[in-house]
Amino acid sequence: MNLIKDHAFTLTLFGKAILFEPVSQRLKVYDLPNRNLLDPFMKKLKKLAFEKGCDKLIFYVRRHEQPLINPYATRYEGKIAGFFTGEDAHIYALFLHSGQYNTRLTQEEKNVFRLVKHKQGKGPSHCFKLPPGFFMRWAVPEDINQMVTLYKTVFKSYPTPMNDPAFIRQMMDDGVYFLVVEHDRRIVSACSAELLPVFKAAELSDCATYRKHRKKQLLSYQVAHLLPRVKDLGIRTIFSYSRSVSSGMNLVNAKHGFHFGGRMLRNSNICGRLENMNIWYKNL
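Residues numbered from 1 in each chain as written. Predicted model: local features only at pLDDT ≥ 70, side-chain atom pairs only at ≥ 80, totals over all residues. Heavy atoms only, no water.

In this structure, what is going on with the overall build of the protein? I would like to understand it.
Within the protein, the regular secondary structure consists of 7 helices and 13 strands. At 19 Å, the protein has a C-alpha radius of gyration in line with the 19 Å of a compact globule built from 284 residues. Counting only residues that meet the buried cut, the protein has 53% of its 284 residues in that class. Partitioning the intrachain contacts of the protein with sequence separation of at least 6 by distance along the chain shows that 66% fall at a separation of at least 24. If you sum the accessible surface of the protein, you get close to 13800 Å²; carbon and sulfur atoms cover 49% of it. With 43 positive and 24 negative side-chain charges, the protein shows a spacing of 7 Å between the two charge centroids. (Helix = DSSP H or I, 4+ residues; strand = E, 2+ residues; numbered from the N terminus. Rg over C-alpha atoms; globule rule 2.2 N^0.38 Å. Buried < 20%, exposed > 50% of the residue type's maximum accessible area, 1.4 Å probe, protein only. Contact = heavy atoms within 4.5 Å. Areas by Shrake-Rupley, 256 points an atom, 1.4 Å probe, with all protein chains shown as cover. Lys, Arg positive; Asp, Glu negative; His and termini not counted. Charge placed at Lys NZ, Arg CZ, Asp CG, Glu CD.)

Below, the structure written as structure tokens:
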């Protein structure tokens with residue numbers, strides 16, 4: 001994994017929080033200003049994007065805000081049902097260099113859809129079992145160095161600095177819930193749930209398994225235990241962004257009854273390049 005020195009942080013524009021994610025060259029907006037401020041807001045936002053080297057602007061809007069954003073955004077990418085405390089989030093994108101992006105599905109992406117289309121909801125939690133010799137538990141700070149090694153090995157690059165022990169420790173301190181699976185007392189798989197309490201939503205993320213231990217349903221087993229935990233914490237919707245060319249997490253999401261919400265173009269710097277990401281969501 002490439003060493004990532006910068007991570008996402010929040011900027012403020014017209015009193016609205018803007019999430020700046022330099023590694024994936026994007027700005028995210030979860031709250032639009034009033035209609036009469038939209039023109040100057042968008043002009044300032046584009047200027048900010050150019051200053052920060054961002055190509056993609058992403059807007060999460062409620063249904064009644066769709067007519068407001070339509071004149072500004074160039075692409076509707078999908079939705080996360082229930083994201084805003086039970087209200088759907090509709091996701092729009094504006095590319096500052098939109099002409100260079102192909103919106104058609106690649107053959108790899110078609111193959112993934114073909115593989116997962118019959119798996120929707122066909123894996124209730126009791127169906128997932130760990131193989132003999134594997135053990136799952138909640139991660140603790142003493143696991144961080146092994147987790148860093150796992151993420152460095154699995155991902156050539158990653159949107160967040162999971163190769164930085166201090167960053168993972170900060171995530172744990174901020175209430176991100178990690179599950180890990182061990183084999184021979186070594187961590188071989190991990191995943192997390194990052195809570196967005198203001199929206200009563202959570203993101204299923206940071207899913208990784210060493211290649212030699214894949215196809216053993218380790219992540220499926222972890223997700224089956226992560227879902228009831230976040231539900232008990234008051235989370236109403238869990239969502240996931242999965243690489244559109246990789247079957248692994250798309251299959252996990254489909255088996256757990258997540259719904260496909262759309263595809264985000266050139267969205268995340270992962271595995272050495274900006275990749276398209278499939279949106280998945282599940283209402284708890």
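The rest of the description comes next.
Any chance you could explain the layout of surface pockets here in plain terms?
By rolling a water-sized probe across the atoms, one finds the places where empty space is left. The calculated volume of the second largest pocket comes to roughly 230 Å³. If you trace the second largest pocket, you find 14 residues lining it, with Thr-106, Glu-109, Leu-274, Glu-275 and Asn-276 closest to the centre. Of all the secondary-structure elements, those providing two or more residues to the lining of the second largest pocket are α3 (107-116), β12 (259-270) and β13 (273-283). With 4 residues, the top contributor of residues to the lining of the second largest pocket is β13. (1 Å grid on protein atoms, 1.4 Å probe; cavity = no way out; pocket = protein on both sides within 12 Å on 5 of 7 lines; lining within 4 Å. Points joined across faces, edges and corners; volume = space filled by probe spheres on them.)

In this structure, what is going on with α3? I would like to understand it.
Residues separated by three or four positions in an α-helix point in the same direction, a consequence of the helix having 3.6 residues per turn. Along α3, the positions that sit buried rather than exposed are Glu-109, Val-112 and Val-116. Relative to the axis of α3, the buried residues are bounded by an arc of 60° and lie together on one face. Elements in contact with the buried residues of α3: α7 (247-255), β12 and β13. (Arc of directions from axis to C-beta.)

Honestly, α7 in this entry has me stumped. Any pointers?
Among all positions of α7, only Met-249, Asn-250, Leu-251, Val-252, Asn-253 and Ala-254 are buried. Positive backbone phi, approximately 80°, marks Gly-257, located one or two places after α7.

When you look at the pairing of strand β11 (residues 237-243) in this model, what are you seeing that I'm missing?
Along any regular strand the residues' side chains alternate between the sheet's two faces. For β11, the buried fraction is high: 6 of the 7 residues fall into the buried class. As paired elements, strand β10 (residues 201-209) and β11 share 4 bridges and run parallel to each other. In the sheet register, Glu-203 faces β11, and the bridge partner there is Phe-239. With respect to chirality, the unit in which β10 leads through helix α6 (residues 218-232) into the neighbouring parallel β11 is right-handed. (Pairing = 2+ DSSP bridges. Right-handed = clockwise from strand over helix to strand, strands pointing away.)

Sorry, what's going on with the packing of α6 against α7 here?
Each pair of packed helices can be described by the angle between their axes along with the distance between the axes. Here α6 crosses α7 at 40°, and the two axes come no closer than 10 Å. Between α6 and α7, the interaxial angle falls into the category oblique. For the crossing formed where α6 meets α7, the hand is right-handed. Every residue of α7 that contacts α6 at Leu-219, Ser-220 and Val-223 is listed here: Met-249, Val-252 and Lys-255. (Axes fitted to C-alpha atoms, helices over the stretch in contact; angles between N-to-C directions. Parallel < 35°, antiparallel > 145°, perpendicular 65-115°, else oblique. Left-handed = near helix turned anticlockwise from the far one by under 90°.)

Which parts of the structure should I look at to understand a positive patch on the surface?
Taken together, the side chains of Arg-104, Lys-110, Arg-114 and Lys-117 define a basic patch exposed on the protein surface. Summarising the element assignment, Lys-117 is placed in the loop between α3 and β7 (134-138). Lys-117 sits in the exposed class, given a relative accessible area of 54%. (Patch = residues over 30% accessible without salt bridge, like charges linked within 9 Å, V, L, I, M, F, W, Y side chains within 5 Å. Salt bridge = Lys/Arg side-chain N within 4 Å of Asp/Glu carboxyl O.)

Quick question: what am I supposed to make of the packing of helix α4 (residues 144-154) against helix α5 (residues 165-173) here?
Between α4 and α5, the shortest axis-to-axis distance is 9 Å and the interhelical angle comes to 115°. Between α4 and α5 lies a crossing whose hand is right-handed. The segment α4 lies against α5, with Ile-144, Asn-145, Met-147, Val-148 and Tyr-151 engaging Pro-165, Ile-168, Arg-169 and Met-172. Taken together, the residues of the contact of α4 with α5 sort by class into 7 nonpolar, 1 polar and 1 charged. (Nonpolar A, V, L, I, M, F, W, Y, C, P; charged D, E, K, R; others polar.)

Before we go on, may I ask you to explain the pairing of strand β6 (residues 87-95) in this structure?
In terms of residue burial, β6 counts as a mostly covered element, since 7 of its 9 residues are buried. Sheet analysis places strand β4 (residues 56-61) next to β6, joined by 6 bridges and oriented antiparallel. Its bridge partner lying in β6, Leu-57 is registered against Leu-94. Here 6 bridges tie strand β5 (residues 75-84) to β6, and the two strands are oriented antiparallel to one another. Along β6, the bridge assignment pairs Lys-79 with His-90. Count of turn residues in the β5/β6 antiparallel hairpin: 2 residues, of which Thr-85 carries a positive phi of about 50°.

Which parts of the structure should I look at to understand the environment of Lys-152?
Position of Lys-152 relative to the elements: it lies in helix α4. Counting along the chain gives 11 residues from Lys-152 to Asn-163, while the straight-line C-alpha distance between them is 5.8 Å.

Which parts of the structure should I look at to understand the nonpolar core?
Here is a general trend for soluble globular proteins: nonpolar side chains tend to be buried in one another's company. If you look at the biggest cluster of nonpolar residues, it comprises 69 residues, and the most contacted ones within it are Tyr-60, Ile-80, Phe-83, Met-147, Tyr-151, Ile-168 and Phe-178. The element contributing the most residues to this core is α6, with 8 residues. In this structure, Val-29, Met-42, Ala-49 and Leu-96 belong to the second largest nonpolar core, which totals 23 residues. (Core = buried A, V, L, I, M, F, W, Y, C linked by side-chain atoms within 4.5 Å.)

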